[in-house]
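Residues per chain are reported as follows:
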Amino acid sequence: MSDNASTATRPSLRDPRNWPMFAVMFAAFGVARLPWMLQRALGRGVGTVAYRLAGSRRRAAEVNLRLCFPEKDEAWRQRLLRDSFDALGVGIFEFARAWWGSIDSIRPQVQIEGLEHLQRLQAEGRGVLLVSGHFMTLEMCGRLLCDHVDLSGMYRKHRNPVYEWAVKFGRLRYAKAMYANEDIRATVRHLKKGGFLWYAPDQDMRGKDTVFVPFFGHTAATITATHQLSRMTGCAVVPYFHRREGGRYFLKIGAPLENFPSEDVEADTARVNQAIEAMVREAPDQYLWIHRRFKRQPGGRSDYYR
């Protein structure tokens, strides 16, 4: 295992440039320990404020909802938009609690379906790529799943060194390792050794190997890493869905995708998008709609978000 993947190095406390973010992180450590009911109430308040103040992101979400749910009327989409910002606010506190707080009171409220798929693959010694989407429950449910399997994650490194340390330190309290998305060699070794890896390929990753395939009936630039990692390692690709209902959490682990990978990278990537789209339709309010998912098109940058 890569040492960088299994350790979090704290930046210097002596560097004044780090002090502001250290202050923010220590405050976040305190917030992570608030009672869960209070965190959820505060989260909904944060979501309301974000809805009012984050104008460009709210407009991006509105565009996404019009593109993805054209069959729904405007009133339905506006309700979903408000609900998604509530989920976004609660998700911020979920992230903090998952990283730095206790989940002892949450564990009894968890229902997991399909864990036998992972247990069978683990018994076979086969690596697993758990494919999910950017839902606001991803950190909390990732920590809950780590109670049952040794799970690692793949993530994008943060520019601020203090924030990078704090988040990685928090994740390594429960994850086996955290691989930066450019650390492909270590990721491949992990999967070849039978490791489990959580991965969300549903954002437009500029500069990466991408193809244009459908997502909710519209062309979306989609990273091909799911196909490539499966081809290089022989790992199983397993859909992984999670959602929150009130104070309860539901984790659904699907059967491994059959005949994956194929020889057709576009067809495989489209299958992954279809799986994530099905997840989104189950809990559309908890999906991260503020990401400009359709900003790139085959002819260049789209006009959707102007």
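Our structure's up above, just so we're on the same page.
Basis of the calculations
Residues numbered from 1 in each chain as written. Predicted model: local features only at pLDDT ≥ 70, side-chain atom pairs only at ≥ 80, totals over all residues. Heavy atoms only, no water. Helix = DSSP H or I, 4+ residues; strand = E, 2+ residues; numbered from the N terminus. Buried < 20%, exposed > 50% of the residue type's maximum accessible area, 1.4 Å probe, protein only. Lys, Arg positive; Asp, Glu negative; His and termini not counted. Salt bridge = Lys/Arg side-chain N within 4 Å of Asp/Glu carboxyl O. Polar contact = N/O pair within 3.5 Å; in protein donor to acceptor, adjacent residues only side chain to side chain. Contact = heavy atoms within 4.5 Å. Patch = residues over 30% accessible without salt bridge, like charges linked within 9 Å, V, L, I, M, F, W, Y side chains within 5 Å. Areas by Shrake-Rupley, 256 points an atom, 1.4 Å probe, with all protein chains shown as cover. Charge placed at Lys NZ, Arg CZ, Asp CG, Glu CD. Axes fitted to C-alpha atoms, helices over the stretch in contact; angles between N-to-C directions. Parallel < 35°, antiparallel > 145°, perpendicular 65-115°, else oblique. Left-handed = near helix turned anticlockwise from the far one by under 90°. Nonpolar A, V, L, I, M, F, W, Y, C, P; charged D, E, K, R; others polar. Pairing = 2+ DSSP bridges.

A. Inspection of unusual backbone geometry at higher detail. Cis geometry marks the peptide bond from F260 to P261; its omega dihedral reads 5°. Residue placement: P261 occurs in the loop between β9 (248-253) and α11 (265-282). At N259, a position not held by glycine, the phi torsion is positive, near 55°. Position of N259 relative to the elements: it lies in the loop between β9 and α11.

B. Spatial organisation of the side chain of D268. Note that D268 resides in helix α11. One buried charged side chain, D268, makes no salt bridge at all; its nearest oppositely charged neighbour is R271, positioned 4.8 Å away. At a separation of 2.8 Å, a polar atom in the side chain of D268 contacts the side chain of H227. Apart from residues no more than four positions distant in its own chain, D268 is found in contact with H227, F260, P261 and S262.

C. Just a positive patch on the surface, in detail. A cluster of basic side chains, namely R156, R206, K208 and R301, defines a positive patch on the protein surface. By the secondary structure assignment, K208 is in the loop between β5 (196-199) and β6 (210-215).

D. Molecular detail of the side chain of T224. Summarising the element assignment, T224 is placed in the loop between β7 (218-223) and α10 (225-233). Sequence-distant contacts of T224, that is, excluding residues within four places in its chain, are made with D209, T210, V211, V265 and T269.

E. Region of the structure containing the packing of helix α4 (residues 55-68) against helix α5 (residues 74-100). α5 packs onto α4 with a crossing angle of 130° between their chain directions and a minimal axis gap of 10 Å. Considering the angle they form, α4 stands oblique to α5. Here α4 and α5 pass one another in a crossing that is right-handed. Together, R58, A61, E62, L65 and R66 of α4 and R77, Q78, L80, L81 and F85 of α5 make up the contact between the two elements. Of the residues contributing to the contact of α4 with α5, the split by class is 5 nonpolar, 1 polar and 4 charged.

F. The arrangement of the sheet that holds strand β2 (residues 128-131) in detail. Taken in spatial order, the 7 strands make up an open sheet running β1-β9-β8-β2-β5-β3-β4, and their pairing is mixed. If you trace the sheet from one side to the other, it starts and ends with β1 (110-113) and β4 (178-180), each paired once. Strand after strand, the sheet turns through a mean of 25° between neighbouring axes, direction not considered. This element, helix α9 (residues 184-192), spans β2, β3 (151-155), β4 and β5 of the sheet and lies at about 130° to β5.

G. Spotlight on the environment of H190. By secondary structure assignment, the location of H190 is in helix α9. Each C-alpha atom, one on H190 and one on G127, is 7.8 Å from the other, the two residues being 63 residues apart in sequence. If sequence neighbours within four positions are ignored, H190 has contacts with S152, Y179, G195, F196 and L197.

H. Quick peek at the pattern of salt bridges. Evaluated as defined, the whole model comprises 12 salt bridges. Close ionic contact of R107 with D147 constitutes a salt bridge, the shortest N to O distance being 2.6 Å. Pair noted here: R107 is in the loop between α5 and β1 and D147 is in the loop between α7 (138-145) and β3, with a separation of 40 residues, a long-range link. On the basis of relative accessibility, which here comes to 33%, the residue R107 falls in the partly exposed class. Look at D147 and you get partly exposed, because its relative accessible area is 40%. We note a salt bridge from R296 to D204, for which the minimum N-O separation is 2.7 Å.

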